[in-house]
There are 2 protein chains.
Amino acid sequence: MENFEFVSPTHFVFGKAAEEKVGPMLAERGAKKVLLTFGGQSARKSGLIDRVEASLSAAGVEYVELGGVRANPEIGLVREGVAICKEQGIDWVLAVGGGSVIDSAKATALGACYDGDVWDFYETKQDPEGVLPIAVVLTIPAAGSEGSKNSVISNDELGRKTGYGRNEMRPKIAFMNPELTFTLPAYQTAAGITDMYCHLLERFFDDVGNVPVTDNLNMSLMKTIRAEAPRVLVDPENYDARANIMWAGMLCHQGLAGMGRHEDWATHGLEHELSALNTSITHGAGLAVMFPAWMEYVYSENPQRFIQYGAEVFGLVPTGDVDADAYNAIDATRAFFASLGMPTTLDELGVHEEDIEKMIPTLRANKGEVFGSFMKLTMDDAREIYKIALD
Amino acid sequence: MENFEFVSPTHFVFGKAAEEKVGPMLAERGAKKVLLTFGGQSARKSGLIDRVEASLSAAGVEYVELGGVRANPEIGLVREGVAICKEQGIDWVLAVGGGSVIDSAKATALGACYDGDVWDFYETKQDPEGVLPIAVVLTIPAAGSEGSKNSVISNDELGRKTGYGRNEMRPKIAFMNPELTFTLPAYQTAAGITDMYCHLLERFFDDVGNVPVTDNLNMSLMKTIRAEAPRVLVDPENYDARANIMWAGMLCHQGLAGMGRHEDWATHGLEHELSALNTSITHGAGLAVMFPAWMEYVYSENPQRFIQYGAEVFGLVPTGDVDADAYNAIDATRAFFASLGMPTTLDELGVHEEDIEKMIPTLRANKGEVFGSFMKLTMDDAREIYKIALD
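Note that this is a predicted model, so its numbers are computed, not measured.

Got a minute to help me understand the overall build of chain A in this structure?
Looking only at helices and strands, one finds 15 helices and eight strands in chain A. Relative to the globule expectation of 21 Å for 391 residues, the C-alpha radius of gyration of chain A, 20 Å, shows essentially globular dimensions. Taken along the three principal axes of its C-alpha coordinates, chain A extends 65 × 45 × 40 Å. Once local pairs closer than 6 in sequence are excluded, the contacts in chain A between residues at least 24 apart make up 78%. In the form shown here, chain A has an accessible surface area of approximately 13300 Å², with 49% of it arising from carbon and sulfur atoms. Side-chain charges in chain A split into 33 positive and 56 negative, and the spacing between the mean points of these groups amounts to 5 Å.

Teacher, can you tell me more about the side chain of His199(A) here?
Residues and elements named next belong to chain A. Following the sequence through the fold, His-199 ends up in helix α7 (residues 186-204). The exposure class assigned to His-199 is buried, which follows from its relative accessible area of 3%. For His-199, the residues in contact, after removing those within four places along its chain, are Ala-142, Ala-143, Cys-252, His-253, Trp-265 and His-268.

Explain unusual backbone geometry here, please?
It is generally the case that most residues other than glycine have a negative phi and that most peptide bonds are trans. The backbone of Asn72(A) sits at a positive phi, close to 50°, despite the residue not being glycine. Positionally, Asn72(A) belongs in the loop between β3 (62-66) and α4 (75-88).

So what exactly am I meant to see when it comes to the environment of Ala365(B) here?
Structurally, the position occupied by Ala365(B) is in helix α14 (residues 356-367). The spacing of Ala365(B) and Tyr299(B) is 66 residues in sequence and 26 Å in space, taken between C-alpha atoms.

I keep staring at the nonpolar core and nothing clicks. Help me out?
Note on soluble globular proteins: their nonpolar side chains tend to be buried together. If you look at the biggest cluster of nonpolar residues, it comprises 236 residues, and the most contacted ones within it are Trp247(A), Trp294(A), Tyr309(A), Trp247(B), Trp294(B) and Tyr309(B). In this structure, Tyr309(B) is in contact with Tyr197(B), Leu201(B), Phe204(B), Phe205(B), Met219(B), Met222(B), Met295(B), Phe314(B), Ala329(B) and Thr333(B), ignoring residues within four places of it in sequence.

Whenever I open this one, the UniProt feature "domain: Fe-containing alcohol dehydrogenase-like C-terminal" (unreviewed entry) in chain A confuses me. Can you help?
Taking the numbering used here, the UniProt-annotated feature "domain: Fe-containing alcohol dehydrogenase-like C-terminal" (unreviewed entry) corresponds to residues 189-389 of chain A. Taken end to end, residues 189-389 of chain A is 68% helix and 0% strand, and its first and last C-alpha atoms sit 23 Å apart.

I would appreciate a short explanation of the pattern of salt bridges in the present structure.
Close approach of charged atoms allows side chains of opposite charge to pair. Tallied over the full model, the rule gives 52 salt bridges over all chains. Two residues, Arg29(B) and Glu28(B), come together in a salt bridge whose shortest N-O distance is 3.7 Å. Here Arg261(B) makes a salt bridge to Asp206(B), at a shortest N to O gap of 2.5 Å. Within this pair, whereas Arg261(B) is found in the loop between α9 (239-254) and α10 (266-277), its partner Asp206(B) is found in the loop between α7 (186-204) and α8 (212-234), the two being separated by 55 residues in sequence. Assigned by exposure class, Arg261(B) and Asp206(B) land together as buried. Here the salt bridges do not stand alone but share partners, grouping Arg44(A), Asp50(A), Glu53(A) and Glu65(A) into one network.

What exactly am I supposed to notice about the interface of chain B and chain A here?
Quite often, the size of an interface is put as the accessible area lost when its parts meet. At the interface, 36 residues of chain B touch 36 residues of chain A. Where chain B abuts chain A, roughly 3200 Å² becomes buried across the two surfaces, and 57% of that area is made up of carbon and sulfur atoms. Counting across the chain B and chain A interface gives four salt bridges. For Lys21(B), the salt bridge goes to Glu5(A), with nearest N and O atoms at 3.5 Å. Inspection of the region where chain B meets chain A yields 16 residue pairs in polar contact (both at pLDDT 80 or more). Where the side of chain B that touches chain A is concerned, the elements lending two or more residues are β1 (4-14), α8 and α9 of chain B. The leading source of residues in the side of chain B that touches chain A is β1(B), at eleven residues. Residues belonging to the side of chain B that touches chain A are distributed by class as follows: 20 nonpolar, nine polar and seven charged.

Explain the relation of the copies chain B and chain A to me, please; I cannot follow it from the model alone.
Relating the two copies of this chain is a rotation about some axis coupled with a shift parallel to it. Taken as rigid bodies, chain B and chain A are interconverted by a rotation of 180° and an axial shift of 0.0 Å, the fit giving an RMSD of 0.0 Å. In short, the pair behaves as if placed about a two-fold rotation axis. No C-alpha of chain B approaches the rotation axis more nearly than that of Pro9(B), which lies at 1.9 Å. Taken as a fraction of all interface residues of chain B, those also at the interface in chain A reach 100%, which identifies the copy contact as same-surface.

Help me out: how do you make sense of the pairing of strand β7 (residues 160-165) of chain A in this one?
Look at any regular strand and the pattern is simple: side chains alternate between the two faces of the sheet. Residue and element names in this part refer to chain A. In terms of residue burial, β7 counts as a mostly covered element, since five of its six residues are buried. Examined bridge by bridge, strand β6 (residues 150-155) and β7 share six bridges and lie antiparallel to one another. Residue pairing in the sheet places Ile-153 in a bridge with Thr-162 of β7. Hairpin remark: β6 followed by β7, antiparallel, with four residues in the connecting loop; positive phi at Gly-159, about 65°.

About the cut-offs
Residues numbered from 1 in each chain as written. Chains lettered and ligands numbered in written order. Predicted model: local features only at pLDDT ≥ 70, side-chain atom pairs only at ≥ 80, totals over all residues. Heavy atoms only, no water. Helix = DSSP H or I, 4+ residues; strand = E, 2+ residues; numbered from the N terminus. Rg over C-alpha atoms; globule rule 2.2 N^0.38 Å. Contact = heavy atoms within 4.5 Å. Areas by Shrake-Rupley, 256 points an atom, 1.4 Å probe, with all protein chains shown as cover. Lys, Arg positive; Asp, Glu negative; His and termini not counted. Charge placed at Lys NZ, Arg CZ, Asp CG, Glu CD. Buried < 20%, exposed > 50% of the residue type's maximum accessible area, 1.4 Å probe, protein only. Core = buried A, V, L, I, M, F, W, Y, C linked by side-chain atoms within 4.5 Å. UniProt positions renumbered as here; feature names shortened; annotations may be inferred. Salt bridge = Lys/Arg side-chain N within 4 Å of Asp/Glu carboxyl O. Buried area = accessible area lost by both parts, 1.4 Å probe. Polar contact = N/O pair within 3.5 Å; in protein donor to acceptor, adjacent residues only side chain to side chain. Nonpolar A, V, L, I, M, F, W, Y, C, P; charged D, E, K, R; others polar. Least-squares fit on C-alpha atoms with pLDDT ≥ 70 in both. Pairing = 2+ DSSP bridges.

Now the structure itself:
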């Protein structure tokens, strides 16, 4: 087991009516004027934004609205938020939404305490000078950003999408009411489930040997997600199923599922280039295509790890044919994503062979010449993995 | 799933040489003068206390020593520590040891910020007025106090042993170096493993239905402990096995293994009376006797829960005979504890039938007339469970 540090100070408020505590809990922590940031109009139409604003007002906390955060959130709106924070003396950032809104809020909270351009952090990975405290009302279980230190931001001008994270960026409070997810469209639910599952895969497959305490915890989450996913898709208003998925999504990316391991994250790197190429590609859908392709390309580095995964998570009984057994685990993974309605090829995402060379330069800029842990990948390896994923 | 809140802000520093970071990390957080508290002389003889003191001195942090914390830590030494804190302007409490030393440190940190007698909190469960920040160098994986909000303190004068916990009492930093546990005697290792396993059982068996995300996480820890326990007993200097046990011990009691559940804690209540009766009874050994007895008495409330546990953790194949299947899970639990060298009867602990009536009044004082969740227990039920445990 590798040495590690773990710190996750987020106060999680989980359950029915959690969002009603926003005002009191922020006021108790000294919030005076909040940047209230969200995505499209669905949170407004559902009445959620109104309820959150009413809760803030009742507690005597002022707020400034900043809507319009898009999927694959862009640095432009982050800069707008930073300017508002500085001009208006904002002391907390409150994100109402899913991973994109939370990631955008994290970047905004970072930029608000920095004199230069907030993109610097994503470019140079320099340490933050400070971060405004962040609170979250989660509406989409997927990215795990409500409990994680990470954020991923796109820069359209540069054609880049890259991540940055520090423990200081973990939300101070996360309000998680599973009822808020009842109305999520099936595709978005499924893409979120794929995303959280892939956060476990990235941590499970690396170049460290078995770490039973972490691996068993990781696979317990995989099993939970596999069992609960069909329940939420068939019965979107099943509170318990939604609650299991919502809490699992946080645990998948908080960090515990990778403690003592190196983790991999090559596939997330490969996927980020897809959504940098075409921002309409949902992250989870891109991962559903790229993970099985990555698995096919790398499994022979350590097929036993795949056999262990297949046995524990999918109940596959090893036949003794190592390659076949590893492949069965890969097939089961692809079939699971397909069962959620996720795509299985780049073709379905509108990405074709001629696009591969467009992605390599930014992949190199984001990940370096060699990336990944389970297998060290070069740009040539990346090309081959994209090719496997084509159709 | 029940509504819940979860906050665990402890900064965990895990791995080889973790204790060398004590001085720098406390200094970074503004510590000036630390109460350094520990148990017997083993930590001194091993050189650990010297290393910790050298680390503090090198970082310019002063310290005052308070050794002699016993197993089942007593309020008398806590009061001594409180007096030192107040007289000497102590600003951090640093515990070097296992659960007893950490629990004593928690109580001391609580009393240092209170004008009255610190036992008040254990008696009335009133909210704290403040808590000095606590750091921990863990030497015995067992109680999970390094990550938990709880503390259990004995009061010899009153013949009481009772718990008190608030999130503010969670340690700010926990230094966890598995190498420090290489020299733990086998009995203490085994009692610690029993204790952490019972923290999972207390959370798994209650009156809430299945909570898959929590239950699977909980049972993943049970499986890890079952597999790693024989490895550390056979090969005490196996770093990875010790590391898995140490990190699992924290996770068993941090809270995640019970989120969304009511939890039970009747058996801990029954055990506390044993060690209040005879302070030489190790908590884990008392639990090893009491948990199977409790299980036998209560299982018929929900035998399916026992069958689920037996199948998942021990791989037991249900026969269809509900009582027999539930009993098999209970027998497997008792056999697991016995395989660690733990006692299976009160007789082995020197507790006999005539002692039962001595324990009932303090049990009533600590737990009330009715306690437990899986089954609501009266004092008569408690008598019966003690009787089952006798021999």
